[in-house]
Amino acid sequence: MDVYSDFLKIISKGDKQSKEVLSILNEELSLPNAKLPTMGGKVFWTTIVEYGGWKLQQNDITHHARILDENNVRVAWGTINGMYKAMDRLVRSVHRYDDLQPSSKDRMDSMEEIAKLKDLLDKGAITEQEYQEKKEKMLRKI
């Protein structure tokens, strides 16, 4: 999936993160947006990418771009280059944030590792200090 489809996927969720990303996009474009219903771009608009009813479109005459939600309400607009640059930066930052967050599997693996360390401590295979140091290191990953 390309960056623009990724962007529409992120903002179409309707969660807190998607609202923040959309707000940042509007600030980046620095163009005021009145959330007005449109006719969906059946005339004078080319749909560049669509995801879940959300569309990134470019005007055939003025060449500016807009994003429409699933109800054909404009949620952002600006130059196509400004839109691409802002969307690219936002998608990359969201993916970097997601990559930094430990997954459930990572958390479970860390908890299992701590349990193994505790077992080693109980058996006398490692010292209390070694246990605490390694445990702290594992907890920082969670």
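Residues numbered from 1 in each chain as written. Predicted model: local features only at pLDDT ≥ 70, side-chain atom pairs only at ≥ 80, totals over all residues. Heavy atoms only, no water.

## Details of the packing of aromatic side chains
Within a pair of aromatic rings, the relevant descriptors are the distance that separates the centres and the angle that separates the planes. Across all of its chains, the model carries zero aromatic pairs by this definition. Sitting over the face of the ring of W45, R66 holds its NZ or CZ atom 3.6 Å from the ring centroid. (Phe/Tyr/Trp six-rings, centres within 6.5 Å; stacked < 30°, edge-to-face > 60°. Lys NZ or Arg CZ within 6 Å of the ring centre and 35° of its normal.)

## What to know about the confidence of the model for the protein
Here the protein averages 78 in pLDDT, while 85% of its residues score no lower than 70. Across the protein, element-level confidence peaks in strand β2 (residues 54–59) with a mean pLDDT of 89 and bottoms out in helix α3 (residues 80–100) with 70. (pLDDT = per-residue confidence, 0-100. Helix = DSSP H or I, 4+ residues; strand = E, 2+ residues; numbered from the N terminus.)

## As for the packing of helix α1 (residues 3–11) against helix α2 (residues 16–29)
Where α1 meets α2, the closest approach of the two axes is 8 Å, and the angle between their N-to-C directions is 125°. In terms of axis orientation, α1 runs oblique to α2. Judged by residue contacts, F7, I10 and I11 of α1 engage S18, V21, L22 and L25 from α2. Here the residues of the contact of α1 with α2 sort into six nonpolar, one polar and no charged. (Axes fitted to C-alpha atoms, helices over the stretch in contact; angles between N-to-C directions. Parallel < 35°, antiparallel > 145°, perpendicular 65-115°, else oblique. Contact = heavy atoms within 4.5 Å. Nonpolar A, V, L, I, M, F, W, Y, C, P; charged D, E, K, R; others polar.)

## Topic: the sheet that holds strand β1 (residues 45–51)
Reading across the sheet, the four strands line up as β1-β2-β3-β4 and stay open at both edges, with antiparallel pairing between neighbours. Of all the strands in the sheet, just β1 and β4 (74–79) have a single pairing partner and so form its edges. Going across the sheet, the axis of each strand differs from the next one's by a mean of 20°, ignoring polarity. In the sheet, β2 pairs with strand β3 (residues 64–68) via four bridges, with the strands oriented antiparallel. Residue pairing across strands places Q57 opposite R66, the latter belonging to β3. In this fold α1 packs onto β1, β2 and β3, with an angle of close to 65° to the strand it touches most, β1. Relative to the sheet, α2 contacts β3 and β4, its axis offset from that of β4 by approximately 30°. (Pairing = 2+ DSSP bridges.)

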